[in-house]
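Here is what each chain is made of, one letter per residue.
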Amino acid sequence: MGIQQLIRRSRAFKAFQGWSKNDVARAGVNFAALSLGMVIAYLMRFDWELDGRVWETLHGAMGIVVPIQWAFLILADFHRRSIRGVSRDDLWRLVRAVTLGSLAGFVVCQFAGVGVPRSVAVIDWLVSISILAGIRAAACEVHDILHR
């Protein structure tokens, strides 16, 4: 069995097969929301003033944590969930994916030598869940308003 066959059989490769334009758009919005959550977490932690050292830490953390969180959202098929209704299952799926992604991302940061404060990890977790859930709730409301 060649490397290409192994890649095609992997779960990560299958996660990207058959993506529609809507899936790509939702995944992009999720990535942007996670990035925004990380920036807001750092701004809140450092009283809205970031010096050069903190900017370096922010960039390092964003390069590690955000892609890992995003990957967990993709593996949870969060980008394929309909926005026409936000169910309890959708919210639990979101909380599980962001929690696991945050834990994995911040552990990798510690091993990579990126000194992310624990408070940033907690704030990022809360803000990311809030932003992602808020986007879905707002999209659901807009959809309902447009179809009344």
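Higher on the page you've got the structure.
*Asks:* Just to check I follow, could you spell out helix α6 (residues 118-146) for this structure?
*Replies:* Side chains that are three or four residues apart share a direction in an α-helix, a result of its 3.6 residues per turn. If you check α6, its first and last C-alpha atoms are 42 Å apart, about what 29 residues at 1.5 Å a residue would give, namely 42 Å. Tucked into the core, α6 has its buried residues touching α3 (21-45), α4 (52-75) and α5 (88-112).

*Asks:* Please clarify how the packing of α4 against α5 should be interpreted in this entry.
*Replies:* The description of two helices packed together rests on the angle between their axes and the distance between the axes. At a closest axis distance of 8 Å, the pairing of α4 and α5 adopts a crossing angle of 150°. In this view, α4 runs roughly antiparallel relative to α5, as classed from their interaxial angle. Our pair here, α4 against α5, has a crossing hand that is right-handed. Packed against α4, whose contacting residues are Ala61, Ile64, Val65, Ile68, Gln69, Phe72 and Leu73, the element α5 presents Leu94, Ala97, Val98, Leu100, Gly101, Ser102, Ala104, Gly105, Phe106, Val108, Cys109 and Ala112 at the interface. When grouped by side-chain class, the residues that make up the contact of α4 with α5 number 15 nonpolar, four polar and no charged.

*Asks:* How do you make sense of the pattern of salt bridges when you look at a structure like this?
*Replies:* Pairs can form between side chains of opposite charge once their charged atoms are near each other. Applying the stated criterion across every chain yields a total of one salt bridge. A salt bridge links Asp89 to Arg93, with the shortest nitrogen-to-oxygen separation between them at 3.7 Å. In this pair, Asp89 and Arg93 both sit in helix α5, four residues apart, roughly one turn of the helix. A residue is classified by how much of its surface remains accessible, and Asp89, at 37% relative accessible area, is partly exposed.

*Asks:* Hey, could you run me through the packing of aromatic side chains in this one?
*Replies:* The geometry of an aromatic ring pair is captured by two quantities: the separation of the ring centres and the angle between the planes. Throughout the structure, instances matching the rule amount to two aromatic pairs. Centre to centre, the rings of Phe31 and Trp70 are 5.5 Å apart; their planes meet at 85°, and the pair counts as edge-to-face. Residue Phe31 is located in helix α3, and its partner Trp70 is located in helix α4; the two are separated by 39 residues in the primary sequence. Overall, the relative accessible area of 32% leaves Phe31 in the partly exposed class. In this structure, Arg45 packs its charged tip against the face of Phe46, placed 4.6 Å from the ring centre.

*Asks:* How should I be thinking about the nonpolar core in this particular structure?
*Replies:* Within soluble globular proteins, side chains that are nonpolar generally end up buried alongside one another. Counting 30 residues, the largest nonpolar core has Met38, Tyr42, Leu73, Leu94 and Val116 as its most contacted members. Broken down by secondary-structure element, the contributors of at least two residues to this core are α3, α4, α5 and α6. Residue contributions to this core peak at eight residues, all from α6. Discounting residues that sit within four places of it in the chain, Met38 has contacts with Leu58, Ala61, Met62, Val65, Val66, Phe106, Val120 and Asp124.

*Asks:* Could you clarify how one ought to interpret the environment of Arg136 in this entry?
*Replies:* Checked against the element boundaries, Arg136 lands in helix α6. Arg136 gets classed as buried once you look at its relative accessible area, which sits at 6%. Sequence separation between Arg136 and Arg26 is 110 residues; the distance between their C-alpha atoms is 10.0 Å.

*Asks:* It is not clear to me how unusual backbone geometry should be interpreted in this structure. Could you clarify?
*Replies:* Backbone geometry follows two general trends: most residues other than glycine have a negative phi, and most peptide bonds adopt the trans configuration. Residues other than glycine seldom take positive phi values, yet Asp47 does so here, at roughly 55°. Within the fold, Asp47 resides in the loop between α3 and α4. Of the residues examined, Asp47 reaches a relative accessible area of 60% and is grouped as exposed. Although it is not a glycine, Trp48 sits at a positive phi angle of roughly 65°. Inspection of the secondary structure assignment puts Trp48 in the loop between α3 and α4.

Rules behind the numbers
For every chain, the first residue of its written sequence is number 1, and the numbers climb from 1 along that sequence. Restriction of local features to residues with pLDDT of at least 70 applies here, the model being predicted, together with a cutoff of 80 or more for giving and counting side-chain atom pairs; totals for whole chains, interfaces and linings are based on all residues. Only hydrogens and water are set aside when side-chain values are computed; all heavy atoms of the structure are taken into account. The secondary structure listing takes helices from DSSP runs of H or I that are at least 4 residues long and strands from runs of E that are at least 2 residues long, numbered from the N terminus. A helix is expected to reach a length of 1.5 Å times the quantity of its residues less one. By definition in these notes, contact holds between two residues if any of their heavy atoms fall within 4.5 Å. Every axis corresponds to a line fitted to the C-alpha atoms, with the helix fit spanning only the stretch in contact, and the corresponding angles, defined between N-to-C directions, vary from 0 to 180 degrees. Should an angle fall under 35 degrees it is called roughly parallel, over 145 degrees roughly antiparallel, and 65 to 115 degrees roughly perpendicular, with every other angle called oblique. The hand of a helix crossing depends on one turn: near helix anticlockwise from the far one by less than a right angle means left-handed, and clockwise means right-handed. Throughout, the ten residues Ala, Val, Leu, Ile, Met, Phe, Trp, Tyr, Cys and Pro are labelled nonpolar, Asp, Glu, Lys and Arg are labelled charged, and all others, Gly among them, are labelled polar. Whenever Lys or Arg places a side-chain nitrogen within 4 Å of a carboxyl oxygen from Asp or Glu, that contact is recorded as a salt bridge. Each residue's exposure class comes from its accessible area (1.4 Å probe, protein chains only) as a fraction of the maximum for that residue type: buried when under 20%, exposed when over 50%, partly exposed otherwise. Aromatic rings from Phe, Tyr and Trp, taking only the six-membered ring of Trp, are treated as a pair when their centres fall within 6.5 Å; an angle between ring planes under 30 degrees marks them as stacked, one over 60 as edge-to-face, and anything in between as tilted. Any Lys NZ or Arg CZ that is within 6 Å of a ring centre and within 35 degrees of that ring's normal is treated as a charge sitting over the ring. Side-chain atoms within 4.5 Å are what join buried Ala, Val, Leu, Ile, Met, Phe, Trp, Tyr and Cys residues into a set we call a nonpolar core.

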